Structure formats: C-alpha cells, structure tokens
Amino acid sequence: IVSYTPNPVGPMKQYSVTFNAPDTYSTNANEMGWELRTASGGGGTLIASGTFTQGNGISTGTVTDLALVDGPNTRWLRIRDGAWNWAETSFTVTAALFRPSDLEEWKPALRKVKRRRDERHWRIVTSAGRELEIVVKHALADAKSAEALGESPSPTVEAQQANTITGEPTNAS
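Criteria and thresholds
- Residues numbered from 1 in each chain as written.
- Predicted model: local features only at pLDDT ≥ 70, side-chain atom pairs only at ≥ 80, totals over all residues.
- Heavy atoms only, no water.
- Core = buried A, V, L, I, M, F, W, Y, C linked by side-chain atoms within 4.5 Å.
- Buried < 20%, exposed > 50% of the residue type's maximum accessible area, 1.4 Å probe, protein only.
- Helix = DSSP H or I, 4+ residues; strand = E, 2+ residues; numbered from the N terminus.
- Contact = heavy atoms within 4.5 Å.
- Lys, Arg positive; Asp, Glu negative; His and termini not counted.
- Salt bridge = Lys/Arg side-chain N within 4 Å of Asp/Glu carboxyl O.
- Polar contact = N/O pair within 3.5 Å; in protein donor to acceptor, adjacent residues only side chain to side chain.
- Pairing = 2+ DSSP bridges.
- Axes fitted to C-alpha atoms, helices over the stretch in contact; angles between N-to-C directions.

Draft legend 1. The arrangement of the nonpolar core in detail. One finds Y15, F19, W34, L36, F52 and I79 to be the most contacted residues of the largest nonpolar core, which totals 21 residues. When residues of this core are traced back to their parent elements, those giving at least two are β2 (14-21), β3 (32-37), β4 (46-52), β5 (55-64), β6 (71-80) and β7 (86-95). With four residues, β2 is the single largest residue contributor to this core. In this structure L36 touches Y15, V17, T45, L46, I47, A48, V63, R75, W76 and F91, once residues within four positions along its chain are discounted.

So this is what it looks like as structure tokens:
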C-alpha cells in the first residue's frame, strides 16, 4: 500500500510517501532501504532514498520532486530487503502546480513591473518567497487579423514561475 500527502501536490513540489514493508527476515534496525524514482527498474531520476526498519506505516518524510509536472505523474517506490533483493511498485502523484486560486494568495503582493505597447507584465511575490510573473499579451498581428474579420482581439496570458531554487528572478525590467 502506497499513499502520499498532500494530494494534490502544490507548486513547491513537496510531498511525503507512506508505505507498508513488513519482512519477517529483515528485522534489524535500518536494515531495509527505499528509493523514490521517476522510472522503473532503478532507472530514471532518483528523487529520494533512505533506510528503515521493516513494518507498516513507513514514511519517507518530505521529499522535493523537481521532476513533477502539472497533472498526473508516475513514480516508482523501490524497496530493498536485508539480503539486497529489490521489489517495486508504481503509483501516481497528482500535481497542481498553478491553480487560479493561487492568484488570490498572491493578490496582496501583485506589482506591475513592466509595460510595453503590446503586453503587460506583473511580478507577484508571496510572503513565503514564491514568485510568479504574469504576462498579458495583445499580439498586434493577431489584433489586426481579428479587426479584419470584425472580431475583437483576445489577450493571451502566460504565467511563469520564477526559479525559486537559486533565487534568480524572472526577466522583468
């Protein structure tokens, strides 16, 4: 049995996995091991690993999964017993990396940082240090095409999360 919390995983890409791994032969403290990976058979990216004592309700603690994308993500939990035999199971981690409700959280920190003729840029920084840049574009070519067809032009919106790992801001001058 494998479960994870929170569900869905948010923009910080952090969650913990709980699993059962009883083994009547591997009973020494921290004799067994676990790996959390992006592919089966020990392949893909190693997200986190650790040791544990056999039993039920084992937790990985909080892991940061930088490979998560919005929506469902398949992950593999590999378990190693004391004799170095591996077993694995896959499970799906659902991520909601950007939700419209996030804008409410960020609304108090909204700052307009750039204005051009065809687009507007806003930088949002929360009290927790999360950054998001919102770009609303009115493509001039699309606007002219829409006018020729008797339609009103529609803006496009792009949201780009800043690189919070190194603290580098998004390009906004």
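Draft legend 2. Region of interest: the side chain of D81. Considering the arrangement of structural elements, one finds D81 in the loop between β6 and β7. Within the buried set, D81 has no salt-bridge partner at all; the shortest N-O distance to an opposite charge, 6.3 Å, is to R80. From its side chain, D81 meets the backbone nitrogen of A83 in a polar contact 2.9 Å long. Contact partners of D81, with chain neighbours within four places excluded, come to D23, S26, E31 and M32.

Draft legend 3. Main features of the sheet that holds strand β1 (residues 2-5). Reading across from one edge, β1-β2-β5 is the order of the three strands in this open sheet, with antiparallel pairing throughout. Whereas interior strands pair on both sides, the edge strands pair on one side only; in this sheet they are β1 and β5. Ignoring which end each strand starts from, the neighbouring axes of this sheet average 20° apart. In the sheet, β1 pairs with β2 via four bridges, with the strands oriented antiparallel. In the strand pairing of β2, S3 is matched with T18.

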